[in-house]
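Summary of the model geometry
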Amino acid sequence: MRVIQALRGTRDILPEEVSYWQLVETKAKEILTRAVYQEIRPPIFEQTSLFERGIGEGTDIVGKEMYTFKDRGDRSITLRPEGTAGVVRSFIENNLYAQGGVQRLWYAGPMFRYERPQAGRQRQFHQIGVEVLGSDSPRADVEVIALATDLLKTLGLKSLKLDLNSVGNQKDREQYREALVNYLIPFHNELDRDSQERLTRNPLRILDSKEAKTQEIAQNAPKIWDYLSNDSKKHFDRVQQLLTDLGIEYQLNHCLVRGLDYYTHTAFEIKSDDLGAQATVCGGGRYDGLVAELGGPETPAVGWAIGMERLILLLQQLQKPPIIQPDFYLVSRGDKAEAQALVIAQKLRTAGFTVELDLSGSAFGKQFKRADRSGAVACLVLGESEAENETVNLKWLISGEQQSVNQVDLLTQINLLELKNKIALHKQ
RNA sequence: GCGAGCGUAGCCAAGUGGUUAAGGCAGUGGAUUGUGGUUCCACCAUUCGCGGGUUCGAGUCCCGUCGUUCGCCCCA
């Protein structure tokens, strides 16, 4: 029979890897909660028009990467390709702005884009993201950047680089776009083919082309910084100054252009050299126009998203996964003993111990071999004689030392404390 | 959507046209019918992703197909 495989671009996150995911999720939640960010869980699919309007019709995400289909009611549905649009929709629909002040939100979960998979890129991938809605202060930009760097640093990741840019407001960008096109037109024939096409469609994207020749041309292109309005410039300067005050290193990159239409002012990416072609671990920026664009009140906002798969690739290069090693491994043989072992396992677990029960019923020798491999601190042995006497043989696997313990005594408070201390000692 | 590489056991693999497809890890059973970490022995692919072709003969060469990896585009 033909085995059914996971679809292209999807994969199983197996137990060994899940421990990394849990580590990231735990740390992220800790750090974000300390900054009083609250979790929000919007749906995984939405009306297609949300993304068309929110992300921008001209973007590649909307143009060729969305998982869009008709449901049984003939509605056009799209699996979310990113998190911000859904959060903003929810913010508007639930009148979260009516609570006044600033909303600090975070989310985590799967996103979907129909692309060819490669290193650090899947069709179903996962992001953790934050959105701060309702503040136009540069301090909000810096707060979210600091949270991202804090999380990455806490996880032990080094040699990450923060790239920073400002794409100004709508007007700044229009003027800059014109200047850029004027600069590029004489070079038309020297540009790579993709960039030639982008000259009319999306000229800003030419700036971060990977073609060597195009890059060379881009390096000397007019910089957007010279086209920023006074307010935009002030915002950008303030962000830089605050980052410096916080001791967060960054480099200005006038070629950094983010792909989604909704970005304004601050744009940033955190990159790693250890990821192959898909180097960006975290991308984000300010999007002051999006809430209004989606029908809400004028609301400035800033946020980022971290690519979980990419982050975990880096983490795996750095450290071995934490493995669960049981406190006790329960070896038993014979109907009566096996029944008692089950009860003891249950009680020890209730008391807070980690207990692995051998289910094989095979020879003691085999069970001990498995006990050893499990990494358990101690073995509890129940055979026929123990079952008869209602005792259990406690064997410390490091020293080999054994003692017979009454089954009832094993579960009294005093002995439990003693056991916990001993186990703590053995684990050191 | 485009380009390149790769598909041999649960995993890592040798094999580059000639009888029965190395080896290692893991697994199972035994030496050891109630005591582990070492060791030793045995077992573990009627078949090399799938389909077709060339050939006396194909895991090996050719075509197609599917999968996968890396890259382009794009993005987290």
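Structure: see above.
None of these values were measured; they are calculated from a predicted model. (Residues numbered from 1 in each chain as written. Chains lettered and ligands numbered in written order. Predicted model: local features only at pLDDT ≥ 70, side-chain atom pairs only at ≥ 80, totals over all residues. Heavy atoms only, no water.)

1. Remarks on the protein's contact with RNA strand B
Counted only if it meets this: One heavy atom within 4 Å of a molecule or strand makes the whole residue count as near it. Counted as a polar contact is a pair of N or O atoms within 3.5 Å, where, for protein atoms, one must be capable of donating a hydrogen and the other of accepting one, and residues adjacent in sequence contribute only when both atoms are in side chains. Secondary structure elements are taken from DSSP: a helix is a run of H or I of four residues or more, a strand is a run of E of two residues or more, and numbering for both begins at the N terminus. Classification used: nonpolar for Ala, Val, Leu, Ile, Met, Phe, Trp, Tyr, Cys and Pro, charged for Asp, Glu, Lys and Arg, polar for all others including Gly.
Taken together, 49 residues surround RNA strand B, and among them Arg 113, Arg 198, Arg 205, Arg 258 and Arg 373 come closest. Arg 116 has a polar side-chain atom sitting 3.2 Å from a base nitrogen of RNA strand B. Gly 307 is positioned with one of its backbone polar atoms (N or O) 3.2 Å from a sugar or linking oxygen of RNA strand B. Those elements that place two or more of their residues in the surface near RNA strand B are α3 (60-64), β6 (124-133), α7 (193-201), β10 (280-286), β11 (301-307), α13 (364-374), α14 (384-389) and β15 (391-396). A per-element tally of the surface near RNA strand B places α13 first, with seven residues. Classifying every residue of the surface near RNA strand B by side-chain character gives ten nonpolar, 16 polar and 23 charged.

2. A word on helix α4 (residues 84-93)
Rules: Exposure categories follow from relative accessible area, calculated using a 1.4 Å probe and restricted to protein chains: below 20% of the type maximum is buried, above 50% is exposed, and the middle band is partly exposed. Residue contacts follow a heavy-atom distance rule, with two residues in contact if any of their heavy atoms lie within 4.5 Å.
Burial within α4 is extensive, with eight of its ten residues counted as buried. Every buried residue of α4 is listed here: Thr 84, Ala 85, Gly 86, Val 87, Val 88, Ser 90, Phe 91 and Ile 92. Where α4 is buried, its residues touch β2 (45-47), α2 (48-55), β5 (103-112), β6 and α10 (290-293). In the segment just after α4, Asn 95 is the residue with positive phi, at about 50°.

3. What to know about the packing of aromatic side chains
Filter applied, for reference: To pair, rings of Phe, Tyr and Trp, with the six-membered ring standing in for Trp, must have centres within 6.5 Å; the planes then decide the type, stacked if under 30 degrees apart, edge-to-face if over 60, and tilted in the middle. Two limits define a charge over a ring: the Lys NZ or Arg CZ must be within 6 Å of the ring centre, and within 35 degrees of the ring normal.
As enumerated under the stated definition, the model contains eight aromatic pairs in all. Aromatic rings pair up to connect Tyr 262, Tyr 263 and Tyr 287 into one cluster. Taking NZ or CZ as reference, Arg 123 lies 3.9 Å from the ring centre of Tyr 114, over its face. If you follow Lys 420 out to its NZ or CZ, it ends over the ring of Phe 353, 5.6 Å from the centre.

4. Concerning the sheet that holds strand β3 (residues 67-70)
Definition in use: Strand pairing follows a simple DSSP-based rule, namely that at least 2 bridges must link the two strands. Note on definitions: angles span 0 to 180 degrees between N-to-C directions of axes, and those axes are lines fitted to C-alpha atoms, for helices only across the stretch in contact.
Read from one edge to the other, the open sheet built from three strands follows the order β2-β4-β3, with strand pairing classed as antiparallel. Strands with a single pairing partner mark the edges of an open sheet, and in this sheet they are β2 and β3. Pairwise comparison of adjacent strand axes, ignoring direction, gives a mean angle of 35° for this sheet. Pairing analysis gives four bridges linking β3 to strand β4 (residues 76-79), with the strands arranged antiparallel. Across the sheet, the residue bridging to Tyr 67 is Leu 79, located in β4. Packing against the sheet, α2 makes contact with β2, β3 and β4, and its axis sits at approximately 80° to β2.

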